[in-house]
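# Reading the structure
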Amino acid sequence: MSYIKFRADQLFDGYQLLGDQQVLMITEEGIVEDIVPVNEAGEDIRSFRGILSPGFINCHCHLELSHMKGMIPEGTGLVDFVLGVVTQRHSAEEQILEAIEKAENEMLGNGIIAVGDICNNTLSLAQKSKGRIYYHNFIEASGFNPLVAEQRFERSVEFFREYAWYYSIPVESNSIVPHAPYSVADELWERIIRFPGNRLMTIHNQETAAENEWFINGQGKFLTLYEKMGIDSSFFKPPGKSSLESYLPKFLKNQPLVLVHNVYTSREDLQFAEATGQKISWCFCPNANLYIGGQLPAIDMFMQHNCEIVLGTDSLASNHQLSILEEIKTIQKHFPGISSAQLLRWATINGAKALQMDKLLGSFEKGKQPGVILCENDLSGTRRLL
């Protein structure tokens with residue numbers, strides 16, 4: 001069998017940078033055969049300037065909101081941003097579908113091969129059924145008032161069934177998940193976590209200081225959010241502790257979690273999470289955090305706690321582009337001490353493990369089909385090779 005042979009200034013295998021003396025051997029279908037020393041690779045080696053890497057994994061996106069690019073101004077804060085999404089997301093279906101296709105094309109062009117996508121409807125199904133990107137569809141359920149719990153859950157189950165069967169997408173590629181701690185009633189929590197097959201969960205976590213304030217004393221900007229959305233929150237009794245400490249024990253121990261944003265997660269929260277023994281991936285979407293609130297999570301603190309870190313883009317409603325490399329560049333700017341190899345791990349093998357796709361994606365290991373991208377040596381740009 002003949003192989004495509006790739007060599008570059010650096011070969012990143014998903015775990016470490018291997019230098020320029022290693023050659024990636026891969027089939028025309030993109031299946032990895034081996035990594036061998038250059039003196040054993042033979043002829044017809046394709047050589048490049050830059051870093052060869054497996055395709056990027058985007059662990060948090062809202063593809064269905066792609067038509068909202070530029071609709072909500074920067075710096076509104078989360079409460080006004082959420083209100084903006086709720087009140088402005090409805091558009092002509094043709095416009096939404098065109099934006100979804102354009103957004104997927106953008107992700108492909110930016111080297112993204114797999115996505116953890118938040119779904120509140122089935123509008124992204126037609127595009128996803130083309131099989132150009134691997135998706136884990138997180139069917140999002142929300143409903144803060146206990147009276148709507150059953151109705152909201154049944155709607156999510158209907159969406160789940162469409163994603164699971166209508167386009168023959170494997171059931172293991174879908175989960176029903178809670179939107180956020182402040183938008184899910186206890187009665188809805190119970191239905192979500194015990195839904196059969198929910199083997200991977202995600203939730204928006206501590207994206208704003210107001211979230212912790214609401215759980216500690218029942219005050220703050222979330223009162224405004226509920227009032228403007230016509231939600232009666234009088235039944236809520238604040239547990240007197242942070243958001244994460246309040247909701248994390250509700251998940252089952254065998255449910256791996258992807259916690260997204262984590263802007264106002266404290267060291268005490270991390271210690272609490274560690275003590276639960278829960279398998280957690282911490283997903284950062286720095287450009288969305290800057291877009292909405294101008295604040296980044298303390299990424300260095302998460303590193304000190306040896307957290308499993310992954311990356312996401314969030315949606316075009318809260319970002320100027322869907323590019324994991326742009327997220328990396330923002331982290332580099334604000335945390336210059338983080339190595340390129342570490343950042344690339346977050347974008348590849350860590351993301352693949354978080355989405356339970358690491359048997360196929362995330363690293364250049366024999367039998368995998370992770371895609372091949374070429375990054376500039378300073379991570380200033382990227383293009384897809386295979």
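Note: the structure precedes this text.
I will try to describe carefully the structure that is included in this document. (Residues numbered from 1 in each chain as written. Predicted model: local features only at pLDDT ≥ 70, side-chain atom pairs only at ≥ 80, totals over all residues. Heavy atoms only, no water.)

## Description of the pairing of strand E2 (residues 22–26)
For the record, the criterion: We call a residue buried when its accessible area falls under 20% of the maximum for its residue type, exposed when it is over 50%, and partly exposed in between, using a 1.4 Å probe and counting protein chains only. Note on conventions: DSSP H or I runs of at least 4 residues are helices, E runs of at least 2 residues are strands, and numbering of each starts at the N terminus. By this definition, two strands are paired if DSSP reports at least two bridges between them.
Counting buried positions along E2 yields 4 of 5 residues, so the element is predominantly enclosed. Sheet analysis places strand E1 (residues 4–11) next to E2, joined by 3 bridges and oriented antiparallel. Bridge pairing links Phe6 to Leu24 in E2. Hairpin remark: E2 followed by strand E3 (residues 32–37), antiparallel, with 5 residues in the connecting loop; positive phi at Gly30, about 90°.

## Quick look at the nonpolar core
Our working definition: As used in this record, nonpolar core signifies buried Ala, Val, Leu, Ile, Met, Phe, Trp, Tyr and Cys residues forming a set joined through side-chain atoms within 4.5 Å. Whether two residues are in contact is decided by their heavy atoms, any of which lying within 4.5 Å being enough.
In terms of nonpolar packing, the biggest core is built from 87 residues, with Phe56, Met107, Ile176, Phe251, Trp282 and Ile328 touching the most fellow members. Considering every element that reaches this core, the biggest residue donor is helix H4 (residues 149–166), with 7 residues. Ignoring sequence-local partners within four residues, the contact set of Trp282 consists of Asn205, Leu244, Leu259, Asn262, Thr265, Leu270, Ala273, Phe302, Cys307, Glu308, Ile309 and Val310. Formed by 22 residues, the second largest nonpolar core is a distinct cluster that contains Tyr182, Phe215, Leu225 and Ala317.

## Some thoughts on the sheet that holds E1
The line we're drawing: The angle between two axes is taken between their N-to-C directions and runs from 0 to 180 degrees, where each axis is a line fitted to C-alpha atoms and a helix contributes only its stretch in contact.
An order of E3-E2-E1-E4-E13-E14 is seen for the 6 strands of this open sheet, with the pairing classed as mixed. Each having just a single partner strand, E3 and strand E14 (382–384) make up the two edges of the open sheet. Taken over all neighbouring pairs, the strand axes of this sheet differ in orientation by 45° on average, direction set aside.

## Here's the deal with helix H6 (residues 209–217)
Within the span of H6, buried status applies to Ala210, Glu211, Asn212, Trp214 and Phe215. At the exit of H6 stands Gly218, carrying a positive phi of roughly 70°.

## Quick word on the packing of aromatic side chains
Filter applied, for reference: Working definition: a ring pair exists when centres of Phe, Tyr or Trp rings (six-membered ring for Trp) sit within 6.5 Å. Plane angles under 30 degrees give stacked, over 60 give edge-to-face, the rest tilted.
Within this structure, the stated rule accounts for 17 aromatic pairs. Between the aromatic rings of Phe153 and Phe195, the centroid separation amounts to 5.9 Å while the plane-to-plane angle is 75°, which identifies the pairing as edge-to-face. On the criterion of sequence distance, the pair formed by Phe153 in helix H4 and Phe195 in the loop between helix H5 (186–193) and strand E9 (201–205) is long-range, its members being 42 residues apart. In this structure, Phe153 and Phe195 share a single accessibility class: buried. Judged by centre distance (4.9 Å) and plane angle (80°), the rings of Phe160 and Phe195 are edge-to-face. In this pair, Phe160 is assigned in helix H4 and Phe195 in the loop between H5 and E9, connecting sequence segments 35 residues apart. Among the aromatic side chains, those forming a connected cluster through ring pairs are Phe144, Tyr182, Trp214, Phe215, Phe222, Tyr226, Phe235 and Phe236.

## Observations concerning a negative patch on the surface
To keep things clear, this is the line we draw: Patch definition: residues above 30% relative accessible area lacking any salt bridge, with like charges linked at up to 9 Å and the nonpolar side chains Val, Leu, Ile, Met, Phe, Trp and Tyr linked at up to 5 Å. The method behind every accessible area is Shrake-Rupley, applied with a 1.4 Å probe, and residues are considered shielded solely by the protein chains displayed. Any Lys or Arg side-chain nitrogen located within 4 Å of an Asp or Glu carboxyl oxygen qualifies as a salt bridge. As used throughout, the charge tally considers Lys and Arg to be positive and Asp and Glu to be negative, leaving His and the chain termini uncounted. Charge placement uses NZ in Lys and CZ in Arg. For Asp and Glu, CG and CD serve respectively.
On the surface, a cluster of negative charge is made up of Glu150, Glu154, Glu158 and Glu162. Among the structural elements, Glu162 can be located in helix H4.

## Quick notes on the environment of Val263
Tracing the backbone shows Val263 in the loop between strand E10 (257–261) and helix H9 (267–276). Here the alpha-carbon distance between Val263 and Pro297, two residues 34 residues apart in the chain, equals 3.9 Å. With near-sequence residues (within four places) excluded, Val263 lies in contact with Asn205, Gln206, Glu207, Asn289, Gln295, Leu296 and Pro297.

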